[in-house]
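Residue strings, one per chain:
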Amino acid sequence: MATVVEHYEKHLAAYYSWLFGDFSAAVESNRQFFILHKLLPGKSNIAIDLGAGCGFGSIALAKLGFKVLAFDLSQTLLDELKSKSGNLEITPIKDNILNFTAHCPEGVELCVCMGDTLTHLESFDDARHLFADVYNSVRTGGKFVLVFRDYIFELKDTDRFIPVKSDSNTIFTCFIEYFEGYVLVNDIVYSRTPQGWKLDVSSYKKLRIPADWVRRELIELGFTITFFTKDKGMITLIACKNN
Ligand SMILES: C[S@@+](CC[C@H](N)C(=O)[O-])C[C@H]1O[C@@H](n2cnc3c(N)ncnc32)[C@H](O)[C@@H]1O
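Residue positions within a chain follow its written sequence, with the count starting from 1. With pLDDT at 70 or above as the cut-off, local features in this predicted model cover only qualifying residues; side-chain atom pairs require 80 or more to be listed or tallied, and sums for whole chains, interfaces and linings still use all residues.

A. A look at the sheet that holds strand S9 (residues 196–207). Across the sheet, four strands lie side by side as S6-S7-S8-S9; this open sheet has antiparallel pairing. The open sheet has two edge strands with one neighbour each: strand S6 (161–166) and S9. Here the average twist between neighbouring strands, direction ignored, is 20°. What makes two strands pair is DSSP finding at least two bridges between them. Going along the chain from the N terminus, every DSSP run of H or I of four or more residues is numbered as a helix, and every run of E of two or more is numbered as a strand. Of the strand pairs in this sheet, S6 and strand S7 (residues 170–179) are connected by five bridges, and their pairing is antiparallel. Pairing of Ser166 across the sheet is with Ile171, part of S7. Where helix H1 (residues 4–12) meets the sheet, it contacts strand S8 (182–193) and S9, and its direction lies at approximately 160° from that of S9. Here an axis means a line fitted to C-alpha atoms, over the contact stretch when the element is a helix, while the angle between two N-to-C directions is reported on a 0 to 180 degree scale. Two residues form a contact once the distance between their C-beta atoms, set from the backbone, is within 7 Å.

This is the structure in structure tokens:
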């Protein structure tokens with residue numbers, strides 16, 4: 001089994017934006033989401049993107065006028081983010097999201113942790129630590145957006161094989177195994193080479209985080225949940241710091 005960093009650097013990062021198809025469309029979809037929920041720059045203009053990947057969230061935020069600090073551990077994805085972000089005000093920072101406060105200015109308006117980054121953490125204690133750091137970093141009235149996959153519901157038998165994406169050169173399949181508190185995600189890639197099809201497999205752990213647990217933890221810290229939805233297995237939650 002690979003660590004998260006190994007999994008991304010040696011395996012997934014090379015395919016990540018390909019898996020999503022049209023890069024601009026993914027950015028635009030996030031931009032529309034932020035507009036819809038009135039997550040727009042105010043006084044400080046500072047937004048934090050936790051687990052920014054190739055920049056689908058960071059670029060959307062910067063296009064809306066935020067100054068974005070984009071945290072990730074994958075140099076490959078941060079390089080892609082940099083190459084796609086032109087003159088937008090995005091600072092890529094290669095560090096663990098659990099250390100984000102070390103780089104964080106005061107008066108953060110918005111913190112986002114999207115695209116299932118949350119489940120990549122090693123433990124529920126790490127998630128708790130992250131939530132508390134976000135609470136202490138955002139200003140009063142500041143918001144926290146979380147988007148993560150619900151792995152509580154267990155796929156069975158052959159349904160655990162997910163045909164993620166394919167084209168004439170690449171076939172990407174995911175096989176999920178369920179354990180107490182976590183899943184093992186096996187990313188299986190066949191790529192066409194002059195010598196024939198080449199198989200690469202890498203596996204890593206993701207946490208099975210109940211949405212209700214997240215809600216409770218955030219409310220206990222002093223957040224109010226202003227939006228919650230579950231769509232196609234993805235949970236989206238917006239929390240507001242009241243005082
Ligand atoms: C599923 S991707 C999501 C990327 C992006 N937020 C999106 O919506 O496309 C998860 C990202 O989180 C990063 N990541 C996972 N755990 C991390 C950690 N502890 N610290 C920093 N980055 C992390 C991975 O390298 C990867 O880029």
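Once you've had a look at it, read on.
B. Focus on the environment of Val27. You can see Val27 is positioned in helix H3 (residues 23–36). With 32 residues separating them in the primary sequence, Val27 and Ile59 have C-alpha atoms 6.6 Å apart. Those residues in contact with Val27 that lie beyond four places of it in its chain are Phe56, Ile59 and Ala60.

C. Summary view of the site of the ligand. Using a C-beta atom placed from the backbone, a residue is described as near a molecule or strand when that atom lies within 6 Å of it. Surveying the vicinity of the ligand reveals 20 residues, the closest of which are Gly51, Gly53, Ser74, Gly115 and His120. Contributing elements (two or more residues each) for the shell around the ligand: H1, helix H4 (56–63) and strand S2 (67–72). Residue type decides the class: Asp, Glu, Lys and Arg count as charged, Ala, Val, Leu, Ile, Met, Phe, Trp, Tyr, Cys and Pro as nonpolar, and the leftover types, Gly among them, as polar. In terms of residue class, the shell around the ligand is built from ten nonpolar, eight polar and two charged.

D. Examining the nonpolar core more closely. Counting residues in each nonpolar core, the largest one holds 56 residues, and the members touching the most others are Cys111 and Leu146. At six residues, strand S5 (residues 138–149) tops the list of elements feeding residues into this core. The residues touching Leu146, leaving out its near neighbours within four places in the chain, are Cys113, Leu118, Val214 and Leu237. For this entry, the nonpolar core is defined as buried Ala, Val, Leu, Ile, Met, Phe, Trp, Tyr and Cys residues connected by C-beta atoms within 7 Å. Three exposure classes are used, all based on how many other C-beta atoms lie within 10 Å of a residue's own C-beta (placed from the backbone): buried at 20 or more, exposed at 12 or fewer, and partly exposed between those limits.

E. Summary view of the domain arrangement of the protein. Each domain span listed reflects an automatic or database assignment of domains. Under the domain assignment used here, the protein contains domain 1 (4–151 + 210–241) and domain 2 (157–206). Here the C-alpha centre of domain 2 lies 25 Å away from the C-alpha centre of domain 1. If one sorts the elements of the side of domain 1 that touches domain 2 by residue count, H1 sits on top with five residues.

F. The pairing of S2, seen in detail. In terms of burial, S2 is largely enclosed, as five of its six residues are buried. Pairing of strand S1 (residues 46–50) with S2, which is carried by five bridges, proceeds in the parallel orientation. Each bridged residue has a counterpart across the sheet, and for Ile46 the counterpart in S2 is Lys67. Here is how to tell: hold the view so the strands point away, follow the path from the first strand over the helix to the second, and if it runs clockwise the crossover is right-handed. Crossover S1 to S2 through H4 is right-handed. Looking at chain direction, S2 and strand S3 (residues 90–94) are connected through five bridges and run parallel. By the bridge assignment for S3, Val68 is matched with Ile90. Following the chain from S2 across helix H5 (residues 75–84) to the adjacent parallel S3, one finds a crossover that is right-handed.

G. View of unusual backbone geometry. Even without a glycine there, the phi angle at Lys38 is positive, about 55°. Despite not being glycine, Asn45 has its phi angle at roughly 65°, a positive value. Within the secondary structure layout, Asn45 lies in the loop between H3 and S1.

H. The sheet that holds S1, seen in detail. Taking strand neighbours across the sheet as the criterion, the seven strands line up as S3-S2-S1-S4-S5-S11-S10 in an open arrangement whose pairing is mixed. The open sheet terminates on both sides in strands that have one partner only, identified here as S3 and strand S10 (223–231). Ignoring which end each strand starts from, the neighbouring axes of this sheet average 15° apart. Here H5 sits on the sheet in contact with S2 and S3, set at roughly 170° to S3.

I. Here's a closer look at the packing of helix H6 (residues 124–137) against helix H7 (residues 211–221). Running from N to C, H6 and H7 cross one another at 40°; their axes reach a closest spacing of 10 Å. Taken together, the axes of H6 and H7 are oblique relative to one another. The crossing of H6 and H7 is right-handed. In contact with Arg128, Phe131, Ala132 and Tyr135 of H6, H7 contributes Glu217, Leu218 and Leu221. Here the contact of H6 with H7 is built from residues that sort into five nonpolar, no polar and two charged. Reported orientations rely on four angle classes, namely roughly parallel under 35 degrees, roughly antiparallel over 145, roughly perpendicular from 65 to 115, and oblique for the rest. Should the near helix be turned anticlockwise from the far one by less than a right angle, the crossing is termed left-handed; should it be turned clockwise, right-handed.

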